Amino acid sequence: MKPEELKKLDSYFKRTFRNTELVVKARPRKDDSAELYLGDEFLGLVYKDEDEGELSYNFSMAILEMDL
């Protein structure tokens, strides 16, 4: 993803979840997704989806049973 996309996503997550510790980071060797962290803890992936001229982003987070 482009730096301006990462910046917009970062602002969106911080504003939506009211948490300034959330950080969106670029993925090495991948340009269709980014990583979301809470401090140093990895939370999930944000995928860029372009379909028929429409752009959206999908957030995917795995929750392990042992974490519940």
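What counts, and at which threshold
Every chain's residues receive numbers from 1 upward, in the order its sequence appears when written. Two thresholds apply to this predicted model, a pLDDT of at least 70 for residue-level local features and 80 or more for giving and counting side-chain atom pairs, whereas whole-chain, interface and lining totals are computed over all residues. Remark: hydrogens and water are excluded; side-chain values derive from all non-hydrogen atoms of the structure. For Phe, Tyr and Trp, rings pair up if their centres lie within 6.5 Å, where Trp contributes its six-membered ring, and each pair is then called stacked (planes under 30 degrees apart), edge-to-face (over 60) or tilted (otherwise). Each helix corresponds to a stretch of at least 4 residues labelled H or I by DSSP, and each strand to a stretch of at least 2 residues labelled E; elements are numbered beginning at the N terminus. A simple rule labels every residue: compare its accessible area, found with a 1.4 Å probe on the protein chains alone, to the largest value its type can have, and call it buried under 20%, exposed over 50%, or partly exposed in between. Counted as over-ring charges are cases with an Arg CZ or a Lys NZ within 6 Å of the ring centre that also lie within 35 degrees of the ring normal.

I'm lost on the packing of aromatic side chains in this one. Help?
What characterises a pair of aromatic rings is the spacing of the ring centres plus the angle enclosed by the ring planes. The full count for this structure, using the stated rule, is four aromatic pairs. With 5.5 Å between their ring centres and 65 degrees between their planes, Phe13 and Phe59 make a pair best called edge-to-face. Highlighted residues: Phe13 in helix H1 (residues 3-16) and Phe59 in strand S4 (residues 54-60), separated in sequence by 46 residues. On the accessibility criterion, Phe13 (5% relative accessible area) is buried. Consider the rings of Tyr37 and Phe42, whose centres lie 5.6 Å apart with planes at 70 degrees: the pair is edge-to-face. Counting every residue linked through ring pairs, the aromatic cluster contains Tyr12, Phe13, Phe17 and Phe59. Over the aromatic face of Tyr37 sits the side chain of Lys25, whose NZ or CZ is 4.3 Å from the ring centroid.

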